Amino acid sequence: MHSLKDRTAIIGVGATPQGRLPGSTQLSLAVDAFKAALDDSGLEKGDIDGLLTFPGTTAPEGALNYLRVGEALGIDPAFTGSMSMGGGTAGALVQMAAMAVEAGHANAVACVFGDAAKTGGSRFNRASGWGDSWGIWGMMGAAANSAVAASRHMALYGTTSEQLAEVAVACRRHASMNPNAVMRDPITIADHQASRFIVEPLHLLDCCLISDGGVCVIVTSAERAKDAKHPQVLISGMGQAYTTRTLEREDWWYVPHQKEALDRAYAMAGMGPQDIDVAQLYDNFTISVLLWLEHAGFCKPGESGPFVEGGRIQLGGELPVNTAGGNLSESYMEGWLHIVEGVRQLRGQGGERQVTGAETCLVTGRGMTLNCSNAMVLTKGEA
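Keep in mind the model is a prediction, meaning the values are calculated, not measured.

Draft legend 1. Region of interest: the side chain of Ser329. For Ser329, the position within the fold is in helix α11 (residues 326-329). When its relative accessible area of 2% is taken as the criterion, Ser329 is described as buried. At 2.8 Å, the side chain of Ser329 and the side chain of Arg172 are in polar contact. Beyond its immediate stretch of four places on either side in the chain, Ser329 contacts Cys171, Arg172, Ala175, Ala181, Val182, Met183 and Leu209.

Rendered as structure tokens:
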């Protein structure tokens with residue numbers, strides 16, 4: 001058995017309202033999310049002796065580093081730091097928090113994020129490679145990276161835009177049951193096909209939102225979490241994988257290191273895809289979900305297009321995916337809300353969108369120029 005398996009737990013999660021929040025700042029949203037997570041955990045502020053932050057991809061320099069956030073929260077942590085890996089940051093910080101708790105560096109670690117990208121007018125349209133080198137080729141914005149992946153998947157395996165639409169429709173259906181989601185009006189495959197192209201073959205409804213909001217996740221020992229307000233949510237498996245190479249790798253578009261992260265999480269948990277009840281898969285674009293499904297072993301390479309047809313990834317289907325709406329329809333919090341939804345599903349707090357009998361949840365994250373990836377297997381512990 002892996003030494004970290006089931007040794008730590010997520011004891012508290014908190015999120016602010018999402019969408020357009022005029023008057024808010026990255027810091028104010030992070031503080032509000034921390035307060036919500038602290039209340040959810042049942043801990044006192046003095047119990048928090050670890051603090052990890054994501055400065056954010058749109059925040060001004062230093063706005064959310066651990067010094068600014070710690071000052072605003074009134075915390076002098078024993079363990080702290082900031083990390084920026086785009087959509088791969090949330091999972092990486094929670095895993096770091098788990099390791100810090102198990103190593104005895106902290107008793108309870110708050111992982112905090114806030115962003116005001118919507119009111120700040122962020123468009124994520126800068127050159128999508130390192131520096132400006134890719135801009136001269138028209139490679140602008142994160143959508144361009146995933147458009148390459150979608151085009152290649154279509155060329156090799158016959159994947160269709162209508163199959164990508166199945167992901168968007170599923171996420172929107174789930175968001176329609178989530179009172180905190182930004183986009184709640186149901187959509188159809190026809191709606192998806194009628195939406196304008198952003199970077200062909202990706203339509204507008206293939207792309208994630210831009211949002212304001214804050215999220216916080218608090219990690220402590222599994223033993224301490226036994227006495228919490230809510231049932232334990234154990235971190236049973238976790239894994240990370242990275243590549244420092246991009247276009248010089250012929251398979252870069254397929255992000256094969258994501259499978260490595262998943263394999264490590266499965267190995268630590270002693271589980272496989274057949275053991276997963278619900279999945280929160282990082283969905284900056286619809287093609288991302290198809291790739292995760294293949295890497296996670298829910299289907300073979302090239303078969304994710306047919307796999308998502310017929311409502312298979314919707315509530316009531318074989319594998320409910322992104323049950324709160326995901327980045328595509330709930331809010332774009334760069335993967336933080338995927339962890340929150342995983343916790344709520346295992347606690348049985350999903351309300352109308354609750355997956356009956358959910359005891360295991362797979363959560364994934366990815367970021368930067370498709371270079372960072374991580375995965376966690378969360379399980380339902382003692383009530």
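Draft legend 2. Quick peek at the state of the cysteines. Enumeration over the complete set of coordinates arrives at zero disulfides. Not engaged in a disulfide, the cysteine Cys111 finds its nearest cysteine sulfur in Cys216; these two sulfurs lie 7.2 Å apart. With no disulfide of its own, Cys299 lies closest to Cys171 among cysteine sulfurs, the gap being 16 Å.

Draft legend 3. Expanded view of empty space enclosed by the protein. A complete count under the given rule lists two cavities of 30 Å³ or more for this structure. Estimates place the volume of the largest cavity at around 40 Å³. Along its surface, the largest cavity is lined by Gly87, Ala90, Gly91, Tyr282, Gly335, His338, Ile339, Val363, Thr364, Gly365 and Asn374. Among the secondary structure elements, those contributing two or more residues to the lining of the largest cavity are α3 (89-103), α12 (336-347) and β10 (360-367). Counting residues per element, the lining of the largest cavity draws most heavily on β10, at three residues. Residues of the lining of the largest cavity, tallied by class, amount to four nonpolar, seven polar and no charged. Each of domain 1 (1-122 + 210-234) and domain 2 (139-208 + 237-378) gives at least three residues to the lining of the largest cavity. The calculated volume of the second largest cavity comes to roughly 30 Å³. Surrounding the second largest cavity, Gln280, Asn322, Thr323, Ala324, Gly325, Gly326, Glu330, Leu337, His338 and Glu341 form its lining.

Draft legend 4. Spotlight on unusual backbone geometry. Here the amide bond leading from Glu200 into Pro201 is cis, since omega sits at 15 degrees, within 30 degrees of zero. By the element assignment, Pro201 lies in the loop between β5 (197-199) and β6 (202-203). Although it is not a glycine, Asp6 sits at a positive phi angle of roughly 60 degrees. With respect to the secondary-structure elements, Asp6 resides in the segment before β1 (8-15). On the basis of relative accessible area, Asp6 is assigned to the partly exposed category, the value being 26%. Not every positive phi belongs to a glycine, and Val255 is a case in point at roughly 40 degrees. When you line up the elements, Val255 lands in the loop between β8 (233-242) and α8 (257-269).

Draft legend 5. Geometry of the domain arrangement of the chain. We note that the domain assignment places domain 1 (1-122 + 210-234) and domain 2 (139-208 + 237-378) within the chain. Domain 1 and domain 2 are separated by 23 Å when their C-alpha centres are compared. Contacts between domain 1 and domain 2 engage 41 residues on the former and 34 residues on the latter. At the boundary of domain 1 with domain 2, the tally comes to one salt bridge. Summed over the shared surface of domain 1 and domain 2, the number is 13 residue pairs in polar contact (both at pLDDT 80 or more). Breaking the side of domain 1 that touches domain 2 down by element, the ones donating at least two residues are β1, α3, β4 (108-116), β7 (212-221) and β8. Here the side of domain 1 that touches domain 2 gets eight residues from one element, more than from any other, and that element is α3. For the side of domain 1 that touches domain 2, a count of residues per class yields 22 nonpolar, 15 polar and four charged.

Draft legend 6. Geometry of the UniProt feature "domain: Thiolase C-terminal" (unreviewed entry) in the chain. Under the present numbering, the feature "domain: Thiolase C-terminal" (unreviewed entry) in UniProt falls on residues 240-379. The span residues 240-379 carries 31% helix and 16% strand; its end-to-end C-alpha distance comes to 18 Å.

Cut-offs used in this document
- Residues numbered from 1 in each chain as written.
- Predicted model: local features only at pLDDT ≥ 70, side-chain atom pairs only at ≥ 80, totals over all residues.
- Heavy atoms only, no water.
- Helix = DSSP H or I, 4+ residues; strand = E, 2+ residues; numbered from the N terminus.
- Buried < 20%, exposed > 50% of the residue type's maximum accessible area, 1.4 Å probe, protein only.
- Polar contact = N/O pair within 3.5 Å; in protein donor to acceptor, adjacent residues only side chain to side chain.
- Contact = heavy atoms within 4.5 Å.
- Disulfide = S-S within 2.5 Å.
- 1 Å grid on protein atoms, 1.4 Å probe; cavity = no way out; pocket = protein on both sides within 12 Å on 5 of 7 lines; lining within 4 Å.
- Points joined across faces, edges and corners; volume = space filled by probe spheres on them.
- Nonpolar A, V, L, I, M, F, W, Y, C, P; charged D, E, K, R; others polar.
- Domains from an automatic or database assignment.
- Salt bridge = Lys/Arg side-chain N within 4 Å of Asp/Glu carboxyl O.
- UniProt positions renumbered as here; feature names shortened; annotations may be inferred.

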